[in-house]
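Observations on the model geometry
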Amino acid sequence: MNFKKRILLYLLIFFVGSVVGQGTQKTFKVVLDAGHGAHDPGCLGTKVNEKTVNLSMALKVGKLIEEHCPDVKVIYTRKTDVFVELYRRAEIANKEHADLFISFHCNSSENPNGNGVETYLMGLSKSEANQAVARRENSAILKEKNYQENYGGFDPNAPESNIIFSLYSSAYMNKSIILADMVQKNLVSISHLTDRGVKQANYWVLYRVAMPSILIEMGFLSNPGDQAFLNNQENQNKIAAGIYNAFVDYIDKINNTKHVHLPVSGAVAPKGETPPAIQGAEPDTAAAAAAAEPTPNAN
């Protein structure tokens, strides 16, 4: 084979390899988990319950990703008002070999002054306030049939059961922190809700997913201002855009890609309601305790 033919052959092999490589490029998969559902309403507000807000926000964020990120596959743990067990939520994500898991939730407090947004990742926090939030979300397990069998006897209300979380691997910690920080900053900037920070706690669903994962507490349904804010469709659309922007910032940073960033202005307080960020002169005791919890870092 002469020199020219050899060069042409090498070029052909390179071209074919490039085309095949592009055709088999891994699709990024994100799981959007709307917490609670059906007979498990989650936190109860006077005008709306948690399961409804969670589902609305997951669908809105998913729609934006599907519209603007053709290289991303969106997987939902639920798209309707159905009950999905916690172990099934993790199972769905793991079977899909997803790259990211985002769980949507709303908060509640006995003190109506408790307010604000916080973003969680899995971790062995010493803060009782953080663990109280995690216990409430984990208690969805008790609404499941055969929960003792499905969770190996784990009881979310028993302190000794938390020893299971000591086995948690921090393999996905750094990426989870990056995403949590991006989401928290976007939510606070757009919503003007009280910034309760990025925190760690023992969430069973985050413990079981084998990928970077976060859980967003989008506001307090027990707080009149937060509830009115979250029950407003215009604000939900803006918050969804903020979470979408945080998601594309994350994927672009991790994968060195470039996705559309959506312009979004600050959210507005629903007419006739007190702005959520100033609802109540003082945060509740849990908020004060949680604020003292150091924010995790990637170092």
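Conventions and cut-offs
- Residues numbered from 1 in each chain as written.
- Predicted model: local features only at pLDDT ≥ 70, side-chain atom pairs only at ≥ 80, totals over all residues.
- Heavy atoms only, no water.
- Helix = DSSP H or I, 4+ residues; strand = E, 2+ residues; numbered from the N terminus.
- Buried < 20%, exposed > 50% of the residue type's maximum accessible area, 1.4 Å probe, protein only.
- Contact = heavy atoms within 4.5 Å.
- Pairing = 2+ DSSP bridges.
- Axes fitted to C-alpha atoms, helices over the stretch in contact; angles between N-to-C directions.
- Disulfide = S-S within 2.5 Å.
- Parallel < 35°, antiparallel > 145°, perpendicular 65-115°, else oblique.
- Left-handed = near helix turned anticlockwise from the far one by under 90°.
- Nonpolar A, V, L, I, M, F, W, Y, C, P; charged D, E, K, R; others polar.
- Polar contact = N/O pair within 3.5 Å; in protein donor to acceptor, adjacent residues only side chain to side chain.
- Salt bridge = Lys/Arg side-chain N within 4 Å of Asp/Glu carboxyl O.

Let us look at the overall build of the chain. Of the regular secondary structure elements, the chain holds 10 helices and six strands. Counting every position in the chain, which comprises 299 residues, the buried fraction comes to 51%. Taking as baseline every contact in the chain between residues at least 6 positions apart, the subset at least 24 positions apart corresponds to 81%.

A positive phi angle is found at histidine 192, which is not glycine, with a value near 65 degrees. Inspection of the secondary structure puts histidine 192 in the loop between helix 6 (173-191) and strand 5 (195-201). Look at asparagine 256: it is not a glycine, yet its phi comes out positive at around 55 degrees. Take asparagine 256: it is sitting in the loop between helix 9 (233-255) and helix 10 (285-291).

Another aspect to go through is the sheet that holds strand 2 (residues 72-76). Overall, mixed pairing links the six strands, which are arranged 2-1-3-6-4-5 in an open sheet. Bordering the open sheet on either side are strand 2 and strand 5, each of which pairs with just one other strand. Ignoring which end each strand starts from, the neighbouring axes of this sheet average 20 degrees apart. As paired elements, strand 4 (residues 117-122) and strand 6 (residues 213-220) share three bridges and run antiparallel to each other.

By the definition in use, this model includes zero disulfides. With no disulfide of its own, cysteine 43 has cysteine 106 as its nearest cysteine by sulfur position, at a separation of 7.0 Å. Classification of cysteine 43 by relative accessible area gives buried; the value is 6%.

In the contact formed by helix 6 and helix 9, the axes pass within 9 Å of each other and the chain directions differ by 150 degrees. On the basis of the axis angle, helix 6 is roughly antiparallel to helix 9. Crossing geometry of helix 6 relative to helix 9 is assigned as right-handed. For the pair helix 6 and helix 9, contact is made by Lys175, Ile178, Leu179, Met182, Val183, Asn186, Leu187, Ile190 and Ser191 and by Lys238, Ile239, Gly242, Ile243, Asn245, Ala246, Asp249, Tyr250, Lys253 and Ile254, respectively. Residue composition of the contact of helix 6 with helix 9, by class: 11 nonpolar, four polar and four charged.

Turning our attention to the side chain of serine 222. The topology assignment puts serine 222 in the loop between strand 6 and helix 8 (224-230). One polar contact links the side chain of serine 222 to the main-chain amide nitrogen of serine 109, over a distance of 2.8 Å.

For the rest of this paragraph, the subject is the environment of leucine 221. Its location among the elements puts leucine 221 in the loop between strand 6 and helix 8. For leucine 221 and proline 112, which are 109 residues apart along the polypeptide, the C-alpha to C-alpha distance reads 8.9 Å.

As a further point, take the pattern of salt bridges. For the structure on display, the rule yields nine salt bridges. For lysine 51, the salt bridge goes to aspartate 81, with nearest N and O atoms at 3.0 Å. Taken together, the residues span a long stretch of sequence, with lysine 51 in helix 2 (residues 50-68) and aspartate 81 in the loop between strand 2 and helix 3 (86-95) at a distance of 30 residues. For aspartate 81, a relative accessible area of 44% puts it in the partly exposed group. Between aspartate 181 and lysine 185 there is a salt bridge, and its shortest N-O distance comes to 3.2 Å.

Purely spatial values, then, with no claim about function.
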